[in-house]
Amino acid sequence: MSMARSSCKFVLVVLGLMLAFAHCAKAATVQFGVERATTALGTIEGVRVRMDWPDRAAQGALELKARIVDAGALGYRFREVSWRCALEPVAQGWRCAGPVHARGAARSTLIAEWQAGILRVSLGGASGSLAVEFPLAVDGLVRVRGKRMPVAWLQSLLATQWADGRLTSGTLDADLAIRARDAGGSEMVGPVVFDDLGLDSVDGRIAAAGLSARTDMNLGFLPDATRLDLGAQLGRGEVLMGA
């Protein structure tokens, strides 16, 4: 098993033990820290987790703080991340929902659901959502699903491949799987569907408006680079390309 998957699973197992302990105890305060954990999407550093479950309470409180959350291959890096949520038991697992914020970033709602050996973390609301599923199974795939996501969420990723490109409008749906590459590193593969996509370049030579497209994405996280391959089927809309 890779170190990336091992680090992620260690954190999930410890969280599971915390939940089991809190469920059995009359009252509990449990906390732990992780200096660095690595997943297929990036790294997280300086993690501190605290869980409080008052005596006879129907729910507890979970607080997670991280010094750095770094998904550099995707173009994202956050500092001083803080999430506090109400922790409650649900059928075959647990659910925790609450506000999350980081330095310089807009506040949002983060929901974590642990059921049947899978941790599902989702972010967003009425304007769109992004969910990541982390299975405990050794051969389980990490899945990334987006629904009506504003394409603006991908601007940082676009900048890693096309510095002069700007996303101006549109939404997308995605169903992606992250898997290890035989040659090293990992890759994120699957369909991405764009609706009403708008984009342009800084020099004005490339532009698109009202574009619908289905792409088969392969985003490779290589040891020394990030590679993006898109096989697109274009639908309605306009594309302009100048000399």
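Described in the following lines is the structure provided in the data block. (Residues numbered from 1 in each chain as written. Predicted model: local features only at pLDDT ≥ 70, side-chain atom pairs only at ≥ 80, totals over all residues. Heavy atoms only, no water.)

## As for the pattern of salt bridges
Turning to step 1, where the next piece is worked out: Per the counting criterion, the structure on display carries 18 salt bridges.
Turning to step 2, where the next piece is worked out: Among the ionic pairs, Arg67 bridges to Glu45, the shortest N-O distance being 3.7 Å. With Arg67 in strand E3 (residues 60–71) and Glu45 in strand E2 (residues 42–53), this residue pair connects regions lying 22 residues apart in the sequence.
Turning to step 3, where the next piece is worked out: Taking the relative accessible area as the measure of exposure, Arg67 reaches 42% and is therefore partly exposed.
Turning to step 4, where the next piece is worked out: In this structure Glu45 comes out as buried when scored by relative accessible area, which is 18%. (Salt bridge = Lys/Arg side-chain N within 4 Å of Asp/Glu carboxyl O. Helix = DSSP H or I, 4+ residues; strand = E, 2+ residues; numbered from the N terminus. Buried < 20%, exposed > 50% of the residue type's maximum accessible area, 1.4 Å probe, protein only.)

## Quick notes on the state of the cysteines
Turning to step 1, where the next piece is worked out: Going through the model one piece at a time under the given rule, you end up with one disulfide.
Turning to step 2, where the next piece is worked out: Between the sulfur atoms of Cys85 and its disulfide partner Cys96 the distance amounts to 1.9 Å. On the sign convention where negative is left-handed, the bridge of Cys85 and Cys96, at about 90° about the S-S bond, is right-handed. Of this pair, Cys85 sits in strand E4 (residues 76–90) while Cys96 is found in strand E5 (residues 93–101), placing the two residues 11 residues apart along the sequence. (Disulfide = S-S within 2.5 Å.)

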